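# Report on the structure
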Amino acid sequence: MLRRFMCLISAVALLLCLCACESVKIPFRAEPFTADVTFQSAGIDIKGEFTYNSPEDMVLVINEPENIRGLTFSSNEEKTDVSISDISFVPDAKKESGVYILFDTLKAVGESDISLALSGEEKISLTVNDSDCIITFDCDNKRIVSAQIKGYNYKFE
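Along each chain, residue indices are assigned from 1 in the same order as the chain's sequence is written. Reporting in this predicted model follows two pLDDT cut-offs: at least 70 for local features of residues, and 80 or more for side-chain atom pairs to be given and counted; totals over whole chains, interfaces and linings ignore these cut-offs and use all residues. To get the side-chain values, all heavy atoms of the structure are used, and hydrogens and water are removed first.

Two aromatic rings, drawn from Phe, Tyr or Trp (for Trp, its six-membered ring), form a pair once their centres lie within 6.5 Å of each other, and the interplanar angle then sorts them: stacked below 30 degrees, edge-to-face above 60, tilted otherwise. Counted by the stated rule, this structure contains 11 aromatic pairs. Centre to centre, the rings of Phe33 and Phe156 are 6.5 Å apart; their planes meet at 75 degrees, and the pair counts as edge-to-face. Of this pair, Phe33 sits in strand S2 (residues 33-41) while Phe156 sits in strand S12 (residues 152-156), and the two are 123 residues apart along the sequence. Each residue gets one of three labels from its accessible area relative to the maximum for its type: buried under 20%, exposed over 50%, partly exposed in between, using a 1.4 Å probe on protein chains only. Owing to a relative accessible area of 26%, Phe33 belongs among the partly exposed residues under this scheme. Here the aromatic cluster, defined as three or more aromatic residues joined through ring pairs, consists of Phe33, Phe50, Tyr52, Phe73, Tyr100, Phe103 and Phe156. Elements are defined by DSSP. Helices are runs of H or I of four residues or more, strands are runs of E of two residues or more, and each kind is numbered from the N terminus.

To continue, consider the side chain of Thr72. Along the polypeptide, Thr72 turns up in strand S5 (residues 72-75). Reaching out from Thr72, the side chain makes a polar contact with the backbone oxygen of Gly70 at a distance of 3.1 Å. Setting aside residues no more than four positions away along its own chain, Thr72 makes contact with Val59, Leu60, Val61, Asp81, Val82 and Ser83. Contacts described as polar in this section are N or O atom pairs within 3.5 Å, which, within protein, must combine one atom able to donate a hydrogen with one able to accept it, while residues neighboring in sequence count only if both atoms come from side chains. For this analysis, residues touch if any pair of their heavy atoms sits within 4.5 Å.

Two strands qualify as a pair provided DSSP detects at least 2 bridges between them. Here 10 strands make up an open sheet; going across it, the order is S7-S6-S5-S4-S3-S2-S12-S11-S10-S9 and the pairing antiparallel. The two strands at the open ends of the sheet, each matched to only one other strand, are strand S7 (87-89) and strand S9 (121-128). Ignoring strand direction, the axes of neighbouring strands in this sheet form an average angle of 25 degrees. Axis definition: a line fitted to C-alpha atoms, over the contacting stretch in the case of helices. Angles run 0 to 180 degrees between N-to-C directions. Contacts between helix H2 (residues 98-111) and the sheet are confined to S2, strand S3 (44-54), strand S4 (57-64), S5, strand S6 (80-84), S9, strand S10 (131-138), strand S11 (143-149) and S12, with S12 contributing the most and set at about 65 degrees to the helix.

To continue, consider H2. With 14 residues, H2 extends 20 Å from end C-alpha to end C-alpha; this agrees with the ideal 20 Å at 1.5 Å per step. Buried residues dominate H2, accounting for 10 of its 14 residues. Every buried residue belonging to H2 is among Gly98, Val99, Tyr100, Ile101, Leu102, Phe103, Thr105, Leu106, Ala108 and Val109, and all of these are buried. Where H2 starts, the residue carrying a side-chain oxygen 3.2 Å from the main-chain nitrogen of Val99 turns out to be Ser97. Residue count minus one, scaled by 1.5 Å, sets the expected span of a helix.

Whenever a carboxyl oxygen of Asp or Glu lies within 4 Å of a side-chain nitrogen of Lys or Arg, that contact is scored as a salt bridge. The tally for this structure, following the rule as stated, stands at 5 salt bridges. A salt bridge links Arg29 to Glu31; the nearest nitrogen and oxygen atoms lie 3.0 Å apart. With relative accessibility at 64%, the residue Arg29 sits in the exposed group. Of the residues examined, Glu31 reaches a relative accessible area of 41% and is grouped as partly exposed.

Moving on: the environment of Lys79. Assignment of secondary structure puts Lys79 in the loop between S5 and S6. A residue is classified by how much of its surface remains accessible, and Lys79, at 38% relative accessible area, is partly exposed. Spatially, the C-alpha atoms of Lys79 and Glu56 are 9.4 Å apart, while their sequence positions differ by 23 residues. Not counting chain neighbours up to four residues away, the residues in contact with Lys79 comprise Ser74 and Val90.

Next up on the list: unusual backbone geometry. With an omega dihedral of 5 degrees, the bond running from Glu64 to Pro65 counts as a cis peptide bond. Of note, Pro65 is situated in the loop between S4 and S5. One non-glycine residue, Lys142, lies in positive phi territory at about 55 degrees. Note on Lys142: relative accessible area 31%, which makes it partly exposed.

This is the structure in structure tokens:
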């Protein structure tokens with residue numbers, strides 16, 4: 001009788017332990033990555049290669065549309081600039097640009113304390129420059145899938 005009771009208690013304890021694994025979250029730390037990103041700005045589909053090294057060091061090289069191919073946006077600790085070939089400048093009105101909103105969003109992700117589930121997809125809400133942002137993560141691979149902010153929808157592949 002005592003053995004059956006101990007076996008039952010052990011089985012219940014095991015089930016409780018296994019059920020608790022679902023709610024476990026681990027901290028997300030933004031590691032350097034490169035991804036193809038797509039978004040729409042002024043009715044134009046823009047595709048480019050995004051490189052994230054740290055919250056202070058990001059680069060987006062435009063691949064499409066063809067007429068702005070090679071345009072490079074760089075953000076570092078000191079400045080954010082635009083360049084093509086050997087010509088570079090620092091724009092005045094960067095806050096409204098979809099590219100700079102992307103940079104600000106990923107800077108906020110890199111500097112935030114985010115915890116993710118062990119598997120599946122998870123949506124996290126952040127406030128970036130007084131705007132609400134929804135970031136979708138692939139928890140299995142610990143990577144960003146998409147970000148939505150200020151009418152922009154960024155997709156990472």
